[in-house]
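Geometric and topological summary
Below, each chain spelled out in residue letters.
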Amino acid sequence: MRWKGRRGSSNIDDRRSRGGRMRIPSGRRARAGGGLGLAGIVVVLGIAWLTGVNPLTLLSQLDGGGSYQTVPSRSQAPQTAADDETSRFVSVVLADTENTWGEIFRQGGGSYPEPTLVLFSGSVSSACGHASAATGPFYCGADSKLYIDLSFYQQLASQLNAPGDFAQAYVLAHEVGHHIQNVLGILPEFHKARRSMSKAEGNALSVRVELQADCFAGIWAHYAARQRGFVEDGDIEEALNAASKIGDDTLQRQAQGYVVPESFNHGTSAQRARWFREGFRSGSMDACDTFNARDL
């Protein structure tokens, strides 16, 4: 990725240093825009929070977003130069998602309320509850914040076999996708609907919301590549590889040697790669209506 020398986001809350000064986001907080002209999107259901039923353990309090299996959290370690480099990287990626979604919302007659990215080490408290690094990156709709322990990126490369800076960018763009769903009202609507659903029904709908977030990540990649020159040869392949490595079938097979399709709540490897590719190809939110898609 051609990310160095670009603007970083001001919406970063760095909580990695115990007792250290906390950087409070100074970016504007615009109201969420009204109708965005998204045929088939504003009428669909979404998800407020996902629960794990297998080794893909997720925090049950989260409003959507924890999407990855990780190892147990480590004790807090001193920050390194590599940590600082990675924090600058995610700040630049977040800023570019702000550019992309800000323009999309303006074109639809609204304004984009930018989320805050919280960097933490080991564990963190959010409006959705307490989380450890083992949860993986997640989005909390109750406070409109993304949360990530940057050590996850090491696990993404070494344990999940998904290296590369664009793979890392995809992870962040996916969580931003959950924020878009929250802004559109998709997550809160599902929060109400799933109360009357069985676990299997809830899992099935969870798959559709995760695939939509993958598609939204692809939309960001579309504009990053075609309008702002972020993308280099091989970058999209890195994202597609990452999407495939975190499919429910792949993770379950690695963890337990077999798959349980009715427990899937994020989508198969093929589905996750397909919907990222669809967002990247089209650059259109209308193309991301996973809820009305007959075949995922």
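Let me begin by describing the structure that accompanies this report. Not measured: the values here are computed from a predicted model.

1. Points about the overall build of the protein
Counting its regular elements, the protein contains eight helices and six strands. The linear arrangement of helices and strands in the protein, starting from the amino end, is β-α-β-β-β-β-β-α-α-α-α-α-α-α. Within the protein, residue pairs in contact and separated by at least 24 positions form 76% of the contacts whose partners lie at least 6 positions apart. In the form shown here, the protein has an accessible surface area of approximately 11,900 Å², with 49% of it arising from carbon and sulfur atoms.

2. Considering the sheet that holds strand E1 (residues 12–14)
Within the open sheet, the four strands sit side by side as E1-E2-E6-E5. Their pairing is mixed. Edge positions in the open sheet fall to E1 and strand E5 (138–140), since each of these has one partner strand only. When strand polarity is set aside, the average angle formed by the axes of neighbouring strands in this sheet is 25°. One ladder, built from three bridges, connects E5 with strand E6 (residues 145–149); its direction is antiparallel. Residue pairing in the sheet places Cys140 in a bridge with Lys145 of E6. The strands that helix H3 (residues 165–184) touches are strand E2 (116–120), E5 and E6; relative to E5, the one it contacts most, it runs at about 20°.

3. Examining the state of the cysteines
Under the criterion given, the structure shown has two disulfides. Bridging Cys128 to Cys140, the disulfide has an S-S length of 2.0 Å. The S-S bond linking Cys128 to Cys140 shows a torsion near 90°; that makes this disulfide right-handed. Linking Cys128 in the loop between strand E3 (123–126) and strand E4 (129–132) with Cys140 in strand E5, this pair joins segments that are 12 residues apart in sequence. Among the residues examined, Cys140 registers a relative accessible area of 0% and is labelled buried. In this model Cys215 forms its disulfide with Cys288; the gap between the sulfur atoms is 2.0 Å. Around the S-S axis, the bridge from Cys215 to Cys288 shows a dihedral of about -75° and counts as left-handed. Here the residue Cys215 occupies a position in helix H5 (residues 199–226), and Cys288 occupies one in the segment after helix H8 (269–282), the gap between them amounting to 73 residues. Each disulfide of the protein joins two cysteines, and with those cysteines numbered along the sequence the arrangement is 1-2, 3-4.

4. Describing the nonpolar core
Ranked by internal contacts, the top residues of the largest apolar core, which has 68 residues, are Trp101 and Phe276. For this core, the leading source of residues is H5, giving 12 residues. Ranked by size, the runner-up nonpolar core spans nine residues in total, among them Phe120, Ala133, Phe138 and Cys140.

5. What to know about helix H6 (residues 235–245)
Among the residues of H6, those classed as buried are Asp235, Ile236, Ala239, Leu240, Ala242 and Ala243. Projected down its long axis, H6 shows its buried positions confined to an angular sector of 160°, all on one face. Close packing links the buried residues of H6 with H3, H5 and H8.

6. Here's the deal with the pattern of salt bridges
Going through the model one piece at a time under the given rule, you end up with nine salt bridges. A salt bridge links Asp13 to Arg15; the shortest N-O distance between them is 3.1 Å. The partner of Arg272 in a salt bridge is Asp214, with the nearest N and O atoms 2.8 Å apart. With Arg272 in helix H8 and Asp214 in helix H5, the pair connects residues that are 58 residues apart, well separated along the chain. Neither residue differs from the other here; Arg272 and Asp214 are each classed as buried. Among the ionic contacts, a cluster of salt bridges with common partners joins Lys4, Glu85 and Arg88.

7. Examining the packing of aromatic side chains
Scanning all chains against the criterion turns up seven aromatic pairs. Relative to Tyr112, the ring of Phe105 has its centre 5.3 Å away and its plane inclined at 55°; by these criteria the two rings are tilted. The burial state of Phe105 is the same as that of Tyr112; both residues are buried. Aromatic pair Phe138 and Tyr147: ring centres 4.8 Å apart, planes at 10°, arrangement stacked.

Calculation notes
- Residues numbered from 1 in each chain as written.
- Predicted model: local features only at pLDDT ≥ 70, side-chain atom pairs only at ≥ 80, totals over all residues.
- Heavy atoms only, no water.
- Helix = DSSP H or I, 4+ residues; strand = E, 2+ residues; numbered from the N terminus.
- Contact = heavy atoms within 4.5 Å.
- Areas by Shrake-Rupley, 256 points an atom, 1.4 Å probe, with all protein chains shown as cover.
- Pairing = 2+ DSSP bridges.
- Axes fitted to C-alpha atoms, helices over the stretch in contact; angles between N-to-C directions.
- Disulfide = S-S within 2.5 Å.
- Buried < 20%, exposed > 50% of the residue type's maximum accessible area, 1.4 Å probe, protein only.
- Core = buried A, V, L, I, M, F, W, Y, C linked by side-chain atoms within 4.5 Å.
- Arc of directions from axis to C-beta.
- Salt bridge = Lys/Arg side-chain N within 4 Å of Asp/Glu carboxyl O.
- Phe/Tyr/Trp six-rings, centres within 6.5 Å; stacked < 30°, edge-to-face > 60°.

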